[in-house]
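Structure assessment
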Amino acid sequence: MDLVILYKKSPSTCEDEIRFTIRSMEKYVKFDNLIVIGDRPSFLNAKAIYINLTLENDGIKRDCLFKHIDMLAKAKAIIADERISNDFIWSNDDFIMLQPQERIPYYYNRTLEEWHDAKNNNWEMSGGFKSNTWIKYINEVYEVFPEGKWYEVHYPIVFNKKKLDNVIKKYKLKHLGTIRSFYCNNYKTIKGEQIERDYKIYSVDDYKRYKNAPFISTTNEMGRFEPLIQFLAAKFPQKSSYEK
């Protein structure tokens, strides 16, 4: 099974995030080929399969919506690329494993109803404020699966190409902001595993709290936080086989 990492450069991103993502995946996750789709990290060597595909941002502010439109274009390219295994691991560029992952569970964090109701109260369970775009995303998936679960944990997920294509077409998805929840709630054979905490590092306090977590994810701002970079450099000092 191949590992596909989505990567999009921006003025606020840092290559350390994808660098340590790849190092951690090679150390702690079993996979066959590495595919990076989007922009090309400057350190990436020829061992990795690189797919050059990033939509040109038109500059219109939409919170995070454009990123998830871009993800839809990447998903369609992955589905069509015969070099990529039918079942594949989908990962963002800032999903860093801190412990061995014997398998990739389908993690969920609470129910869709809880997330839907939380928008009228507070977002402590997700690290704080959510934009209007995210509220829209939650409403969209909740309307389809009112008794469903929230699978948007910042952790890799295994997709099947044909099934992913079916979900995109069935629900006429225009973005992939909540693709995990659409996919996992659609296929009832998927046995999700509840996780009480999504180890997303939004703040310095989160960094201190999650250093011993099984995995972490960063934000663009925290991806440049020097103590976090030093922590990851000490944990993963050796180059991966995908680095020049």
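Read on for an overview of the structure. (Residues numbered from 1 in each chain as written. Predicted model: local features only at pLDDT ≥ 70, side-chain atom pairs only at ≥ 80, totals over all residues. Heavy atoms only, no water.)

1. What to know about the overall build of the protein chain
When helices and strands are counted, the protein chain shows eight helices and ten strands. By the compact-globule yardstick of 18 Å for 244 residues, the protein chain fits well, its C-alpha radius of gyration being 17 Å. If you line up the protein chain on its principal axes, its C-alpha atoms span 45 × 45 × 40 Å. Expressed as a percentage of the 244 residues in the protein chain, the buried residues total 56%. Restricting to contacts in the protein chain with at least 6 residues of sequence separation, those with at least 24 account for 73%. Taken as a whole, the protein chain presents about 12000 Å² of accessible surface, with 48% of it coming from carbon and sulfur. Each charge class in the protein chain was averaged separately, 39 positive and 34 negative side chains, and the resulting centres sit 3 Å apart. (Helix = DSSP H or I, 4+ residues; strand = E, 2+ residues; numbered from the N terminus. Rg over C-alpha atoms; globule rule 2.2 N^0.38 Å. Buried < 20%, exposed > 50% of the residue type's maximum accessible area, 1.4 Å probe, protein only. Contact = heavy atoms within 4.5 Å. Areas by Shrake-Rupley, 256 points an atom, 1.4 Å probe, with all protein chains shown as cover. Lys, Arg positive; Asp, Glu negative; His and termini not counted. Charge placed at Lys NZ, Arg CZ, Asp CG, Glu CD.)

2. Remarks on the pairing of strand 10 (residues 215–218)
Going residue by residue along strand 10, you find Phe-215 and Ser-217 tucked away on one face and Ile-216 and Thr-218 tucked away on the opposite face as well. Crossover connection from strand 9 (residues 200–201) via helix 7 (residues 204–210) to parallel strand 10: handedness right-handed. (Right-handed = clockwise from strand over helix to strand, strands pointing away.)

3. Concerning the sheet that holds strand 9
Whenever strands of a sheet pair, they do so through backbone hydrogen bonds, lying parallel or antiparallel. Taken in spatial order, the three strands of this open sheet run 5-10-9, and their pairing is mixed. Only two strands of the sheet have a single partner each, and these edge strands are strand 5 (95–97) and strand 9. Of the strand pairs in this sheet, strand 9 and strand 10 are connected by two bridges, and their pairing is parallel. Its bridge partner lying in strand 10, Lys-200 is registered against Ser-217. (Pairing = 2+ DSSP bridges.)

4. Here's the deal with the side chain of His-68
By the secondary structure assignment, His-68 is in helix 2 (residues 65–80). At 2.9 Å, the side chain of His-68 forms a polar contact with the side chain of Tyr-137. If near-sequence neighbours (up to four positions away) are discounted, His-68 is found in contact with Trp-134, Tyr-137, His-175, Leu-176 and Gly-177. (Polar contact = N/O pair within 3.5 Å; in protein donor to acceptor, adjacent residues only side chain to side chain.)

5. Here's the deal with the nonpolar core
The biggest cluster of nonpolar side chains holds 80 residues, and the ones touching the most others in it are Leu-34, Trp-90, Leu-164, Leu-176, Ile-216 and Leu-232. In contact with Leu-164, not counting residues within four places along its chain, are Ala-75, Ile-79, Phe-88, Phe-159, Ile-179 and Tyr-183. (Core = buried A, V, L, I, M, F, W, Y, C linked by side-chain atoms within 4.5 Å.)

6. Focus on the pairing of strand 2 (residues 34–38)
Burial of strand 2 is extensive: five of the five residues sit out of reach of the surface. Residues Leu-34, Val-36 and Gly-38 point to one face of strand 2 and Ile-35 and Ile-37 to the other, with burial holding for every one of them.

7. Quick word on the sheet that holds strand 1 (residues 2–7)
One open sheet holds the five strands; their spatial order is 3-2-1-4-7, and the pairing between them is mixed. The open sheet has two edge strands with one neighbour each: strand 3 (49–52) and strand 7 (157–160). Across this sheet, the average inter-strand angle for adjacent strands is 30°, counted without regard to direction. In terms of strand pairing, strand 1 meets strand 4 (residues 87–91) through four bridges, oriented parallel. (Axes fitted to C-alpha atoms, helices over the stretch in contact; angles between N-to-C directions.)

8. Comments concerning the packing of helix 1 (residues 15–28) against helix 8 (residues 226–235)
One can describe the packing of helix 1 onto helix 8 by two numbers: an axis separation of 11 Å at closest approach and a directional angle of 30°. As judged from the angle between their axes, helix 1 and helix 8 are roughly parallel. Helix 8 is crossed by helix 1, and the crossing has left-handed handedness. Within the contact between the two elements, helix 1 uses Asp-16, Phe-20, Lys-27 and Tyr-28 and helix 8 uses Ile-229, Leu-232, Ala-233 and Lys-235. (Parallel < 35°, antiparallel > 145°, perpendicular 65-115°, else oblique. Left-handed = near helix turned anticlockwise from the far one by under 90°.)

9. Thoughts on the packing of aromatic side chains
Enumeration over the complete set of coordinates arrives at 20 aromatic pairs. Judged by centre distance (5.2 Å) and plane angle (45°), the ring pair of Tyr-171 and Phe-182 falls under tilted. With Tyr-171 in the loop between helix 5 (161–170) and helix 6 (179–186) and Phe-182 in helix 6, this residue pair connects regions lying eleven residues apart in the sequence. You can call Tyr-171 buried: its relative accessible area is 19%. Centre to centre, the rings of Tyr-207 and Phe-231 are 6.3 Å apart; their planes meet at 75°, and the pair counts as edge-to-face. (Phe/Tyr/Trp six-rings, centres within 6.5 Å; stacked < 30°, edge-to-face > 60°.)

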